[in-house]
Amino acid sequence: MFAGKVTILLVFCLVCRVTMTNGAIKLITTLLRDNVAGAPVVHQTQKWPFHPDEGSRRNPEFEALNGHHAYYLIERFGLGTDGRQAERKYQQTIRDLGVPTTSYDKVQIY
């Protein structure tokens, strides 16, 4: 269904090419190229430096600072970064009374 519409549009563009301005043709071809095939930057290959052993080497340091599965890091994100961390920590402690949680003593506020 979609391929048929694209084919009809291409035939229409070829037939009307004589009467269309150069800008209109360029607009239509750009729209087709970017929306059907994807922008050219999508098809470029990229190389990223990747070391598979780096994660296992850095994991103990990360867990010591941020807890297992980054528990304390997520907790620090929840406290915010605007200088009102202690106030939010107190409000969350009041809110969570009776709910089993971990100790807030291990959370470092930056």
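The structure we're discussing is the one just above.
As the structure is a computational prediction, the values presented were derived from the model and not from experiment.

**Q** Got a minute to help me understand helix α2 (residues 22–37) in this structure?
**A** Residues three or four positions apart in an α-helix share a direction because the helix packs 3.6 residues into each turn. Taking 1.5 Å per residue as the helical rise, α2 with its 16 residues ought to reach 22 Å, and the 22 Å between its terminal C-alpha atoms agrees with that figure. The first or second residue beyond α2 is Gly38, which carries a positive phi of 100 degrees.

**Q** Please clarify how the side chain of Gln85 should be interpreted in this entry.
**A** Following the sequence through the fold, Gln85 ends up in helix α5 (residues 85–95). Of the polar contacts made by the side chain of Gln85, one reaches the backbone oxygen of Gly80; its length is 3.2 Å.

**Q** Help me out: how do you make sense of the packing of aromatic side chains in this one?
**A** Aromatic ring pairs are reported here in terms of the distance separating the ring centres and the angle at which the planes meet. Applying the stated criterion across every chain, the model contains one aromatic pair. With a centroid separation of 5.6 Å and an interplanar angle of 85 degrees, the aromatic rings of Tyr71 and Tyr72 are classed as edge-to-face. Classification of Tyr72 as buried rests on a relative accessible area of 15%.

Conventions and cut-offs
Each chain carries its own residue numbering, running from 1 in the written order of its sequence. Where local features are concerned, this predicted model is filtered to residues with pLDDT of at least 70; where side-chain atom pairs are given and counted, the filter is 80 or more; whole-chain, interface and lining totals use all residues. Side-chain measures here rest on the full set of heavy atoms in the structure, leaving out hydrogens and waters. Secondary structure is summarised from DSSP: a helix means a run of H or I of at least four residues, a strand means a run of E of at least two, and numbering begins at the N terminus for each. A helix's residues, less one, multiplied by 1.5 Å, set its expected span. Contacts described as polar in this section are N or O atom pairs within 3.5 Å, which, within protein, must combine one atom able to donate a hydrogen with one able to accept it, while residues neighboring in sequence count only if both atoms come from side chains. When the centres of two rings from Phe, Tyr and Trp lie within 6.5 Å, Trp using its six-membered ring, the rings pair. Their planes under 30 degrees apart give stacked, over 60 give edge-to-face, and anything left gives tilted. Any residue under 20% of the maximum accessible area for its type is buried, any over 50% is exposed, and the rest in between are partly exposed; the area is computed with a 1.4 Å probe on protein chains only.

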